[in-house]
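# What the coordinates show
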Amino acid sequence: MRYLSAGPDPAVARISRIGLGTWQFGSREWGYGASYAGQEAHAIVRRALELGVTLFDTAEIYGFGRSERILGEALGEDRESAFLATKIFPVLPVAPVVEQRAVASANRLGVRRLDLYQVHQPNPLVRDGTIMRGMRALQRVGLVGEVGVSNYSLDRWRAAETALGGQVLSNQVQYSLVARSPEQDLLPFAASTGHLVIAYSPLAQGLLSGRYHRDHRPVNRVRTASALFLPENLERAGDLIATLREVADAHSATPAQVALAWTIHRPAVVAIPGASSLEQLESNAAAADIDLTDDEYQALSAASARFRPVTGPAALPRLVRARFTLAYWACNQSLGPKGRSGVR
Ligand SMILES: NC(=O)c1ccc[n+]([C@@H]2O[C@H](COP(=O)([O-])OP(=O)(O)OC[C@H]3O[C@@H](n4cnc5c(N)ncnc54)[C@H](OP(=O)(O)O)[C@@H]3O)[C@@H](O)[C@H]2O)c1
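The sections below set out a description of the structure shown in this document. (Residues numbered from 1 in each chain as written. Predicted model: local features only at pLDDT ≥ 70, side-chain atom pairs only at ≥ 80, totals over all residues. Heavy atoms only, no water.)

### Details of the layout of surface pockets
Each pocket or cavity is described by its volume, and for the largest pocket that value is around 980 Å³. If you trace the largest pocket, you find 48 residues lining it, with Trp23, Gln24, Trp30, Ser201 and Gln205 closest to the centre. Taken together, the elements giving at least two residues each to the lining of the largest pocket come down to β6 (168–174) and α12 (278–286). Counting residues per element, the lining of the largest pocket draws most heavily on α12, which supplies 4 residues. (1 Å grid on protein atoms, 1.4 Å probe; cavity = no way out; pocket = protein on both sides within 12 Å on 5 of 7 lines; lining within 4 Å. Points joined across faces, edges and corners; volume = space filled by probe spheres on them. Helix = DSSP H or I, 4+ residues; strand = E, 2+ residues; numbered from the N terminus.)

Okay, structure coming up:
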């Protein structure tokens, strides 16, 4: 495992470059079921600790508190050695509510201190002054270590920092070979100022594993609602997946591992892939040690730039059609003699 290089803050220096995202824990929309939430999730966390993963990301909204509870229980006595990041969903972002919600998250996680407390989304109506007043109070009493934001533009990240009157350490944003807008301003800002970008969906929710194609699509709610997994887009991703495979072969690695290595190649970025199995967790953790050559990095970036998925309004009718086709297919599979196949 690799860690952020030592800076002035020792707490930050212990953050692993590959962390573990836990939206999947206890969240119905991923469809992984009760045995995943009850057993596999626990085993994934324990193995992550063994492999040197320190960064664990959750949120109060994931499974309406279930993710925080599952994560806290699985960490057990090792809670204090992890770097725990959770998020507040800012529906009513006033200071007393922020303080009360942080206490509730800490209780679910079983900790006295949240290492990183993030604002999950910018509130479109209320500016950050009120929420940051709550964050400041939480830092003062030691319940929160670092403050972070998520899905913020650079301007709003900076404004949040002014409102806090201190460093807003990180911005958690979608960043991967198929989502590169953070490169325009967030990454350079973070690298030049001692901030951090936490890359979510670094595997494009499994697309970059190369496991899915037009005749083998994931069936859970998260991905049937995503334009990326439209049959046409899976086909368009073929060139990018082929490049990932080529680089992966040179490293005796997998496309998913190379996608993660690409994501954390630039400084001041860490990635928090989710995992549906122990094997995936192990593979993801190992990706921290892959060093891409400049040529490989450029080849992957070029293949990513060539990938032009159908998105926005053009994707809508296709999404509706794809959803019905999938529902029809799943229904047939469950009624058929062999039952449903294991695609998930
Ligand atoms: N702040 C936000 O707004 C926000 C939004 C989204 C996510 N997040 C955070 O970011 C984390 C990760 O994002 P994400 O879960 O959306 O996407 P992701 O990490 O890109 O994809 C996770 C999925 O990819 C597949 N996968 C993982 N490792 C693999 C491997 N080694 N080989 C093959 N397939 C693999 C698994 O699905 P299958 O096995 O089912 O294919 C897994 O559930 C979340 O858990 C959450 O903590 C934050």
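Resuming the write-up.
### Comments concerning the packing of aromatic side chains
Each aromatic ring pair is characterised by the separation of its centres together with the angle its planes make. Enumeration according to the criterion identifies 9 aromatic pairs in this entry. Arranged with centres 4.9 Å apart and planes meeting at 70°, the rings of Tyr32 and Tyr36 form a pair that is edge-to-face. The buried category is assigned to Tyr36, whose relative accessible area is 1%. The interplanar angle of 15° and the centroid separation of 5.7 Å between the aromatic rings of Trp262 and Tyr297 together place this pair among those described as stacked. Of the two residues, Trp262 is situated in helix α11 (residues 255–263) and Tyr297 in helix α13 (residues 294–306); the sequence distance between them amounts to 35 residues. (Phe/Tyr/Trp six-rings, centres within 6.5 Å; stacked < 30°, edge-to-face > 60°. Buried < 20%, exposed > 50% of the residue type's maximum accessible area, 1.4 Å probe, protein only.)

### Quick notes on the pattern of salt bridges
Inspection of the entire model under this criterion finds 13 salt bridges. A salt bridge links Glu68 to Arg108; its shortest N-O distance comes to 2.6 Å. Here the residue Glu68 occupies a position in helix α3 (residues 66–75), and Arg108 occupies one in helix α4 (residues 95–109), the gap between them amounting to 40 residues. Look at Arg108 and you get partly exposed, because its relative accessible area is 21%. When salt bridges that share partners are traced, they join Arg47, Glu50 and Glu282 into one network. (Salt bridge = Lys/Arg side-chain N within 4 Å of Asp/Glu carboxyl O.)

### Thoughts on the site of the ligand
Residues in contact with the ligand amount to 33 residues; listed here are only the nearest, Gln24, Tyr32, Tyr212, Arg223 and Ser276. Take Gln24: an N or O atom from its side chain is 2.7 Å from an oxygen atom of the ligand. At a separation of 3.4 Å, a nitrogen atom of the ligand approaches a polar side-chain atom of Tyr62. Calculation on the ligand without its partners gives an accessible area of 910 Å², and the protein chains cover 95% of this total. Most atoms of the ligand, that is more than half of them, are within 2 Å of grid points of the largest pocket. Looking at the shell around the ligand element by element, the count peaks at 3 residues for α12. Taken together, the residues that form the shell around the ligand break down as 12 nonpolar, 16 polar and 5 charged. (Near = heavy atom within 4 Å. Polar contact = N/O pair within 3.5 Å; in protein donor to acceptor, adjacent residues only side chain to side chain. Areas by Shrake-Rupley, 256 points an atom, 1.4 Å probe, with all protein chains shown as cover. Sits in = over half its atoms within 2 Å of the grid points. Nonpolar A, V, L, I, M, F, W, Y, C, P; charged D, E, K, R; others polar.)

### A few points about the pairing of β6
Of all 7 residues in β6, 6 are buried, a share of seventy percent or more. In this sheet, β6 lies alongside strand β5 (residues 144–150) in parallel orientation, the contact comprising 4 bridges. By the bridge assignment for β6, Gly148 is matched with Ser170. Relative to strand β7 (residues 196–200), β6 runs parallel, the two sharing 5 bridges. Bridge pairing in β7 links Val173 to Ala199. Chirality of the crossover, the property in question, places the unit of β6, helix α7 (residues 186–193) and β7 among those that are right-handed. (Pairing = 2+ DSSP bridges. Right-handed = clockwise from strand over helix to strand, strands pointing away.)

### What to know about empty space enclosed by the protein
For the structure on display, the rule yields 1 cavity of 30 Å³ or more. Each pocket or cavity is described by its volume, and for the largest cavity that value is around 30 Å³. Around the largest cavity sit Pro90, Pro93, Val119, Asn123, Val126, Arg127, Asp128, Ile131, Tyr152 and Arg156, which together line it. When its residues are assigned to classes, the lining of the largest cavity shows 6 nonpolar, 1 polar and 3 charged.

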